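# Survey of secondary and tertiary structure
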Amino acid sequence: MPGRAGSCRACGRGADVLAQRADGVVVRHGAAVAKAHAPGTDPEGHRLRLAVAAHPELDGILLAPIGGVDGAGAQVAGRPVTAWPYGSPVDPTAPEDAPWEAVAHLLARLHRVPLERLPGPLPPMRGPLKAAAAVERLPRHPAARPVLAAWRSLPAWARGEAPAPCHPPRLCHGDLHLGQLVRHPAHQGPWLLIDVDDLGLGDPAWDLARPAAWFAAGLLAPDDWNRFLTAYREAGGPAVPPAPGDPWPQLDVPARALTVQTAALGLARSAREGREPDEAEQLMIGSCARIASLPTDLDGSRPS
């Protein structure tokens, strides 16, 4: 949970814990942010992801780490630690101001980055593995049954059990949501994507799948979804065909997977807090029930 992290021994100023989860701890100190990454982070994949974030091809798309890739070897208590400039996040209390066009433009640019200019070989995008990890944390609860049924209906690639059938693969963020967006310099600079822990090669439709899942479940207003999708297409994003083509053949499987992931995380959160799922969590569970009732002969294929 966010809070104070004590004072810096060097300058005596306080530090703020911005996020504290099993897969990462983020602490702000003045104009800098330090992140302790998940235990067991693959060292080579971690180094390559940082190198991508620091690469000139990603300038104006990804926030670059302080010191570039040189900080990739830093360790604290066995966890890799990186330093980043502080950027101001999206205001969660003002959903009407959510920068859907900005994130769509950033995604389109990310997905079009020429891979041959980047360091490599780049690891796979970790989105499906994050979905699988969420399902593994499902609590014992009657609502877990439709979530598991929806998960089992997905093709192997969407469960992280096989490579994504996307040709050619693109550079993907892997865990896109509005919390992965900051302004830098803070409050006045352009929007940039953050958090490269799941960055890698894969199907770019995965990066559109969370807002698609929210829209399908009724959590994202149609106007906001249309703003996002239209901006992505206008910026030349390759994950879906240009308008007026139907985007759902590309988005369907990833959106189902993100629906399951969101429902699983919501159930785990409600169990941890000792309560029943709230309205938003119930909507995602209901979406899983609908997914589980659909035909299960998805092969996960998609056009090039």
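Structure: see above.
Residues numbered from 1 in each chain as written. Predicted model: local features only at pLDDT ≥ 70, side-chain atom pairs only at ≥ 80, totals over all residues. Heavy atoms only, no water.

### Considering the overall build of the protein
Here is the rule: Numbering of helices and strands starts at the N terminus; helices are DSSP runs of H or I of at least 4 residues and strands are runs of E of at least 2. As defined in this context, the radius of gyration uses C-alpha atoms, and a globule is described by 2.2 Å times the residue total to the power 0.38. Contact criterion: two residues are considered in contact whenever any of their non-hydrogen atoms come within 4.5 Å of each other. The accessible surface values rely on the Shrake-Rupley method and a 1.4 Å probe; as for residues, cover is taken only from the protein chains in view.
When its secondary structure is counted, the protein shows 8 helices and 11 strands. In summary, the protein has a C-alpha radius of gyration of 19 Å against a globular reference of 19 Å for 304 residues, a match within 12%. Once the C-alpha set of the protein is aligned to its principal axes, its extents read approximately 60 × 50 × 35 Å. If you take every contact in the protein between residues at least 6 apart in sequence, the share linking residues at least 24 apart comes to 69%. Per element, the accessible surface of the protein, about 14500 Å² overall, is 56% carbon and sulfur.

### Side note on the environment of P92
Residue placement: P92 occurs in the loop between strand 7 (88-89) and helix 2 (100-111). Residues P92 and V260 lie 168 residues apart in sequence; the distance between their C-alpha atoms is 23 Å.

### Concerning the packing of aromatic side chains
For the record, the criterion: Two aromatic rings, drawn from Phe, Tyr or Trp (for Trp, its six-membered ring), form a pair once their centres lie within 6.5 Å of each other, and the interplanar angle then sorts them: stacked below 30 degrees, edge-to-face above 60, tilted otherwise. To sort residues, take the accessible area from a 1.4 Å probe on protein chains only and compare it with the maximum for the residue type: under 20% means buried, over 50% means exposed, and anything in between is partly exposed.
Using the criterion set out here, one finds 6 aromatic pairs in the structure. Taken together, a centroid distance of 5.5 Å and an interplanar angle of 10° make the contact between F215 and W225 stacked. Of this pair, F215 sits in helix 5 (residues 205-217) while W225 sits in helix 6 (residues 222-234), and the two are 10 residues apart along the sequence. Given a relative accessible area of 26%, F215 falls into the partly exposed group. Ring centres 5.9 Å apart and planes at 40° place the aromatic pair W225 and F228 in the tilted group. In this pair, W225 and F228 are both assigned in helix 6, 3 residues apart and thus about one turn of the helix distant.

### Description of the nonpolar core
Where we set the bar: Here, the term nonpolar core denotes a set of buried Ala, Val, Leu, Ile, Met, Phe, Trp, Tyr and Cys residues that are joined through side-chain atoms within 4.5 Å.
Of all hydrophobic cores here, the largest spans 74 residues; its most connected members are L58, V147, L171, L193 and L208. With 9 residues, the top contributor of residues to this core is helix 7 (residues 248-272). Excluding residues within four positions of it along the chain, V147 makes contact with L138, V260, A263, A264, L267, I285 and C288.

### Quick word on unusual backbone geometry
Going from G120 to P121, the amide bond is cis rather than trans, its omega being 5°. Locating P121 in the fold gives a position in the loop between helix 2 and helix 3 (127-136). In this model, H184 is joined to P185 through a cis peptide bond whose omega is -5°. For P185, the position within the fold is in the loop between strand 9 (181-183) and strand 10 (191-193). For H187, which is not a glycine, the phi torsion comes out positive at approximately 75°. Mapped onto the secondary structure, H187 falls in the loop between strand 9 and strand 10. In this model, D195 sits at a positive phi of 70°, which is unusual for a non-glycine residue. Within the secondary structure, D195 is located in the loop between strand 10 and strand 11 (200-202).

### Quick notes on the environment of K35
So the rule is basically this: Polar contacts here mean pairs of N or O atoms no more than 3.5 Å apart (in protein, one a potential hydrogen donor and the other a potential acceptor; neighbouring residues in sequence count only if both atoms are side-chain atoms).
Note that K35 resides in strand 4 (residues 32-37). Along the sequence, K35 and V25 sit 10 residues apart, while their C-alpha atoms lie 5.6 Å from each other. Among the polar contacts made by the side chain of K35, one reaches the side chain of D195 at a distance of 3.2 Å.

### A closer look at the pattern of salt bridges
The criterion, for reference: Between Lys or Arg on one side and Asp or Glu on the other, a salt bridge is scored when a side-chain nitrogen of the former is within 4 Å of a carboxyl oxygen of the latter.
Using the criterion set out here, one finds 15 salt bridges in the structure. With a closest N to O distance of 2.9 Å, R47 and E44 form a salt bridge. Of this pair, R47 and E44 both sit in helix 1 (residues 43-54), 3 residues apart, roughly one helical turn. On the accessibility criterion, E44 (40% relative accessible area) is partly exposed. Notably, a salt bridge pairs R275 with E273, separated by 2.7 Å at the nearest N-O pair.

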